[in-house]
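Single-letter residue listing:
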Amino acid sequence: MPPFGRSFLAHWWLDPEITYLNHGTVGATPRVVLEAQHAWQRRIEAQPASFLFRELMRTTPDAPGASRPLLRTTADTIGDFVGARGDDIVFVDNASTGINAVLRSLALQPGDEIVVLDQAYGAVVLAAEFVARGAGARVVTVTTPWPARGDMTDAYADALEGALTPRTRLAIIDHISSQTALILPVAAMAARCRARGVPVLVDGAHAPGAIALDIASLGADWYVGNLHKWAFAPRACGFLWVATAHRERLHPPVISWGLDAGLAQEFDWTGTRDPSAMLAAPAGLAFMRDTLGLDAMRSWNHDLVWRMAHTLAARWGQPWTTPEALVGCMASVQLPARITALGEAAAPALKDWLLHQRRIEAQVLAIRGQACVRLAAQVYNDESDYERLAQAIDEWPA
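Residues numbered from 1 in each chain as written. Predicted model: local features only at pLDDT ≥ 70, side-chain atom pairs only at ≥ 80, totals over all residues. Heavy atoms only, no water.

Asker: Where do I start with the overall build of the protein chain in this structure?
Answerer: Within the protein chain, the regular secondary structure consists of 15 helices and 11 strands. For 398 residues, the compact-globule estimate of 2.2 N^0.38 gives 21 Å, and the C-alpha radius of gyration of the protein chain, at 21 Å, lies within 12% of that figure. Once the C-alpha set of the protein chain is aligned to its principal axes, its extents read approximately 65 × 55 × 35 Å. Out of the 398 residues belonging to the protein chain, those deemed buried represent 57%. Here the contacts in the protein chain between residues at least 6 apart in sequence split such that 70% fall between residues at least 24 apart. (Helix = DSSP H or I, 4+ residues; strand = E, 2+ residues; numbered from the N terminus. Rg over C-alpha atoms; globule rule 2.2 N^0.38 Å. Buried < 20%, exposed > 50% of the residue type's maximum accessible area, 1.4 Å probe, protein only. Contact = heavy atoms within 4.5 Å.)

This is the structure we're talking about:
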């Protein structure tokens with residue numbers, strides 16, 4: 001196995017004086033991937049108009065014998081990695097952008113319903129509420145089991161199905177919850193929705209790179225993922241996968257010259273922007289495979305966070321019942337009772353104190369009113385980072 005741990009920080013520009021335990025929030029781009037991005041930027045600037053309109057994408061139909069546009073060949077590479085056809089993938093700035101595209105393409109009527117999980121990312125819920133209120137529709141929140149115990153497949157599927165009604169027009173399912181960090185049984189949940197005729201949008205913001213993906217097998221209608229988190233692409237870089245049946249009705253949040261010219265044509269050009277993060281995304285995949293080793297990276301991250309979740313939960317006298325199958329490279333652990341007793345307000349206060357007083361960047365959040373710390377493991381972390389975190393939390397003068 002490669003020499004993972006703090007010595008591996010040399011592959012990143014991260015400040016070595018900061019204990020960085022928050023890779024999941026916005027990611028951290030390896031140096032070699034940033035170099036690939038800068039090379040693309042230099043190539044663009046050599047002839048910007050020709051590159052953007054002739055090489056990157058095309059505003060007119062392809063001429064006979066013309067090469068495939070660069071964004072499309074990049075989509076092919078990403079598709080191979082996530083188990084999808086490149087023609088069914090478009091690039092977006094992030095998962096939230098892709099979710100907004102789907103939500104804004106719905107033909108909602110008064111009384112219609114959008115179903116979300118109570119573990120959904122806050123920005124996704126806000127987007128759903130915004131779209132719903134404009135149509136006189138409403139958002140229905142599903143209460144899901146947490147903490148997790150044993151095989152949760154039926155429990156999650158049952159909870160979701162119980163919220164579906166004849167007015168449900170969309171169900172949004174998290175693949176890896178940003179809050180609880182659980183890997184949810186999306187295929188089983190999507191199957192329940194399909195049986196009821198409800199289309200499914202999967203929020204996979206944390207999935208690409210963190211776990212193996214085969215999007216085509218999940219039974220979703222749309223799938224969004226970030227590549228700038230666990231797949232090491234530069235920010236901002238995400239993708240939206242679209243099932244064939246929905247391609248004609250889907251439009252990007254920003255309408256431009258590609259309107260009604262097809263899925264790729266609409267999303268590949270939404271106005272002038274820097275496409276270098278998207279073009280450098282394959283370099284992130286290459287870094288995982290060639291420098292880290294995909295299996296070795298995932299094994300290190302999973303094993304480290306799994307052990308540290310047990311260690312910290314025991315240290316703080318909190319139960320840890322989460323099945324290993326629901327843990328990827330993140331885990332949310334309840335903080336000591338003296339901190340959880342302070343309620344939700346403890347989370348932002350502790351998070352700021354850790355950074356400003358102890359130089360530790362960690363995600364502290366409230367789950368159902370209780371303060372938790374979300375452990376995130378990347379190859380530049382080791383056990384000493386979590387010991388530093390635990391000691392600091394034990395010493396927080398709340």
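Asker: What should I look at first to understand the sheet that holds strand E10 (residues 360-367) in this one?
Answerer: With mixed pairing, the four strands of this open sheet are ordered in space as E1-E10-E11-E9. Of all strands in the sheet, those with a lone pairing partner are strand E1 (19-21) and strand E9 (330-334), marking the two edges. Averaged over all neighbouring strand pairs, the angle between strand axes comes to 35°, with direction disregarded. As judged from the five bridges shared by E10 and strand E11 (residues 370-376), these two strands associate in the antiparallel manner. Pairing of Ile367 across the sheet is with Gln370, part of E11. Relative to E9, helix H12 (residues 294-315) is tilted by about 5°, and along the sheet it contacts E9 and E11. Running at roughly 95° to E1, helix H15 (residues 383-394) makes contact with E1, E10 and E11 of the sheet. (Pairing = 2+ DSSP bridges. Axes fitted to C-alpha atoms, helices over the stretch in contact; angles between N-to-C directions.)

Asker: Can you help me understand the pairing of E9 in this one?
Answerer: When a strand is regular, its side chains alternate between the sheet's two faces. Of all five residues in E9, five are buried, a share of seventy percent or more. Residues Met330, Ser332 and Gln334 line one face of E9 and the alternating positions Ala331 and Val333 line the opposite face, and both faces are buried. When E9 meets E11, the two strands line up antiparallel, connected through five bridges. Bridging from a neighbouring strand, Ser332 pairs with Arg374 of E11.

Asker: Teacher, can you tell me more about the packing of aromatic side chains here?
Answerer: A full pass over the atoms with the stated rule returns 10 aromatic pairs. Judged by centre distance (5.7 Å) and plane angle (75°), the ring pair of Phe4 and Trp300 falls under edge-to-face. Taken together, the residues span a long stretch of sequence, with Phe4 in the segment before E1 and Trp300 in helix H12 at a distance of 296 residues. The exposure class assigned to Phe4 is buried, which follows from its relative accessible area of 8%. Ring geometry for Trp12 against Phe232: centres 5.7 Å apart, planes inclined by 65°, an arrangement best described as edge-to-face. Highlighted residues: Trp12 in the segment before E1 and Phe232 in the loop between strand E7 (222-226) and strand E8 (238-242), separated in sequence by 220 residues. What makes Phe232 buried here is its relative accessible area of 0%. Its guanidinium or amino end placed over the ring of Trp13, Arg31 lies 3.7 Å from that ring's centre, counting from NZ or CZ. (Phe/Tyr/Trp six-rings, centres within 6.5 Å; stacked < 30°, edge-to-face > 60°. Lys NZ or Arg CZ within 6 Å of the ring centre and 35° of its normal.)

Asker: I tried to follow the sheet that holds strand E4 (residues 138-142) on my own but got confused; where do I start?
Answerer: The strands making up a sheet associate through backbone hydrogen bonding, with each pair oriented either parallel or antiparallel. Spatial strand order, E2-E8-E7-E6-E5-E3-E4: seven strands in an open sheet with mixed pairing. In this open sheet, the two strands that pair with only one neighbour each are strand E2 (89-92) and E4. The sheet shows a mean angle of 20° between the axes of neighbouring strands, direction not considered.

Asker: What is the right way to look at the nonpolar core in this model?
Answerer: Inside soluble globular proteins, nonpolar side chains tend to come together where they are buried. By size, the foremost hydrophobic cluster in this structure holds 88 residues, and its most contacted members are Trp12, Leu160, Tyr223, Leu227, Phe239 and Trp241. Apart from the residues lying within four places of it in its own chain, the contact partners of Tyr223 are His175, Leu201, Val202, Gly204, Ala207, Leu213, Ile215, Leu218, Phe239, Leu240 and Trp241. Counting 33 residues, the second largest nonpolar core, distinct from the first, contains Val333, Trp353, Val364 and Trp396. (Core = buried A, V, L, I, M, F, W, Y, C linked by side-chain atoms within 4.5 Å.)

Asker: Help me out: how do you make sense of H12 in this one?
Answerer: Because an α-helix packs 3.6 residues into every turn, residues spaced three or four apart end up facing the same way. Relative to the 32 Å expected for 22 residues at 1.5 Å per residue, H12 spans 32 Å between its end C-alpha atoms, a close match to the ideal helical length. Positioned one or two residues after H12, Gly317 has a phi angle of 70°, which is positive. (Expected span 1.5 Å × (residues − 1).)

Asker: Before we go on, may I ask you to explain helix H3 (residues 48-56) in this structure?
Answerer: Those residues of H3 that sit buried are Ser50, Phe51, Leu52 and Leu56. Packing partners of the buried residues in H3 comprise helix H2 (31-46), helix H4 (70-82) and helix H10 (276-279).

Asker: Please clarify how the pattern of salt bridges should be interpreted in this entry.
Answerer: For side chains bearing opposite charge, pairing can occur when the charged atoms are close. Per the stated rule, a full pass over the model turns up 20 salt bridges. Two residues, Asp76 and Arg68, come together in a salt bridge whose shortest N-O distance is 2.9 Å. Among the residues examined, Arg68 registers a relative accessible area of 35% and is labelled partly exposed. Between Arg68 and Asp87 there is a salt bridge, and its shortest N-O distance comes to 2.6 Å. (Salt bridge = Lys/Arg side-chain N within 4 Å of Asp/Glu carboxyl O.)

Asker: Hey, could you run me through the environment of Leu342 in this one?
Answerer: Topologically, Leu342 is positioned in the loop between helix H13 (337-340) and helix H14 (346-358). Its relative accessible area of 45% is what places Leu342 among the partly exposed residues. Apart from the residues within four sequence positions on either side, Leu342 is in contact with Trp396 and Ala398.

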